[in-house]
Amino acid sequence: MQCKIINLEPITNDKEGRSPVQTTNDKFLSWYLENGRHDLPWRRTKDPYRIYLSEIMLQQTQVATVLERFYFPFLERFPTLRDVAEAEEEAVLKAWEGLGYYSRARNLHRTARLTGGRLSETAKELEKLPGIGRSTARAIACFAYGEALPILDANVRRILYRYYRRRQATERELWRMAQRLFDPEHAYEWNQGMMDLGATVCTPRAPRCEGCPLAESCRGRAHPERYPAPKKRAAPPLRRRRILLHQHEGAWAMQRSRERFHGGLWHFPQTEATVEGEHLGNLRQSYSHFTLEAEVWRVPSLPPGLSKEVTYHSPETIESAPLGGIDRKVFVVYIR
Ligand code: SF4
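What you see is a predicted model; the values in this text were computed from it and never measured.

### With respect to unusual backbone geometry
Next, step 1: At the junction of Tyr227 and Pro228, the peptide bond is cis and its omega measures out at -10° in the coordinates.
Next, step 2: Tracing the backbone through its elements, the reader meets Pro228 in the loop between α11 (187-200) and β1 (238-245).
Next, step 3: Positioned with a positive phi, Arg165 is a non-glycine residue whose angle comes to about 50°.
Next, step 4: By secondary structure assignment, the location of Arg165 is in the loop between α9 (154-163) and α10 (171-181).
Next, step 5: We note that Glu249 has phi near 50°; this positive angle belongs to a residue other than glycine.
Next, step 6: Mapping Glu249 onto the fold places it in the loop between β2 (247-248) and β3 (251-256).
Next, step 7: With relative accessibility at 77%, the residue Glu249 sits in the exposed group.

### Overview of helix α6 (residues 103-115)
Next, step 1: With 13 residues, α6 ought to run about 18 Å at 1.5 Å a step, and its terminal C-alpha atoms sit 18 Å apart, in line with that.
Next, step 2: For α6, the complete set of buried residues consists of Arg104, Ala105, Arg106, Asn107, Leu108, His109, Thr111, Ala112 and Thr115.
Next, step 3: In this structure, the buried side of α6 is in contact with α2 (48-57), α3 (63-77), α4 (81-86) and α5 (89-96).
Next, step 4: Looking one or two places after α6, you find Gly116, whose phi comes out positive at around 65°.

### Considerations on the pairing of β1
Next, step 1: Note: β1 against strand β7 (residues 291-298), 8 bridges, orientation parallel. Bridged to Arg239 within β7 is Leu292.
Next, step 2: Sheet topology places β1 next to strand β5 (residues 270-271); 2 bridges connect them, and they run antiparallel. Its bridge partner lying in β5, Arg242 is registered against Thr271.

### Here we look at the environment of Thr274
Next, step 1: The topology assignment puts Thr274 in the loop between β5 and β6 (278-286).
Next, step 2: Thr274 sits in the exposed class, given a relative accessible area of 70%.
Next, step 3: Put simply, Thr274 and Arg242 are 32 residues apart on the chain and 7.9 Å apart in space, counted from C-alpha to C-alpha.

### What to know about the domain arrangement of the protein chain
Interface size is commonly expressed as the accessible surface area that is lost when the partners come together.
Next, step 1: Partitioning the protein chain into structural domains gives domain 1 (20-226) and domain 2 (238-335).
Next, step 2: Contacts between the two partners involve 8 residues from domain 1 and, on the opposite side, 15 residues from domain 2.
Next, step 3: For the pair domain 1 and domain 2, the number of links is 3 salt bridges.
Next, step 4: Viewed at the interface, domain 2 and domain 1 are joined by 5 residue pairs in polar contact (both at pLDDT 80 or more).
Next, step 5: With 4 residues, α5 is the largest single contributor of residues to the side of domain 1 that touches domain 2.

Rules and cut-offs
Residues numbered from 1 in each chain as written. Predicted model: local features only at pLDDT ≥ 70, side-chain atom pairs only at ≥ 80, totals over all residues. Heavy atoms only, no water. Helix = DSSP H or I, 4+ residues; strand = E, 2+ residues; numbered from the N terminus. Buried < 20%, exposed > 50% of the residue type's maximum accessible area, 1.4 Å probe, protein only. Expected span 1.5 Å × (residues − 1). Contact = heavy atoms within 4.5 Å. Pairing = 2+ DSSP bridges. Domains from an automatic or database assignment. Salt bridge = Lys/Arg side-chain N within 4 Å of Asp/Glu carboxyl O. Polar contact = N/O pair within 3.5 Å; in protein donor to acceptor, adjacent residues only side chain to side chain.

Here you go:
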């Protein structure tokens, strides 16, 4: 297979004989020392588990949300990776409830068990673990163990597209660009600084190039909004379901999800078919790849196919079980 060559312009040194890479790196590191988000709790530790947990939580969730609602409660419940390994998957899912993208929690649990609570120390080994991609592996290896490798998270990608004035690039090209700009002498500061620059200066919608330490050598600076080319995203499909509340001797019918998306979570039985009973109201929940519009029905009996798949649980048990977003709403609005 033919590999594409990145179109990089030739490097010329400044009057003092320093290469643009050198001067850019100096400015960037000074910017990071002055403006970096040094107080983030996962930056004030070398504990691989705490760093790993932050990386996984931050894959799909904003820093503020992770900080305010999830990081510390999870650590309180599971202070070490060994504690995660010793817990049941359901307990880990419960601690993850509300954060979404539950495959992250299932993979965290699998990784904890596979490693016996002790993470591998190199990016190469970390990458073999469930749910740890190349960039996450490198971030953990760099921040916890000092391995000098560049990362490629969403913020870094955006900076690279703009810095090298690229509207499109393959993964291989992006990694090469990341490696080219990377400063291996200051790997920790470089990687943290790139994430901070993307989060605070080279932002998706309103980049502030005038305050950017990479501005002098950034090729996309004149029109940063052109890079990268916008992705064509279709509107997420709408799914319509009926959620069925069926009570028997004070307990409610529930199912444990086997589907990949919500695997391991508990939910109330659902159907697309019409049902007999009392229509209690409607709820809506957006997920990453679809929007769910649900009618909530109290039903005197369940359809035959569903009745074989449910078990009955008290409100107290449901309260402490891991539930998906819409089912938690149903529980809060109609049962609790
Ligand atoms: S100069 Fe502007 S476009 Fe270039 S990296 Fe900095 S903020 Fe982004």
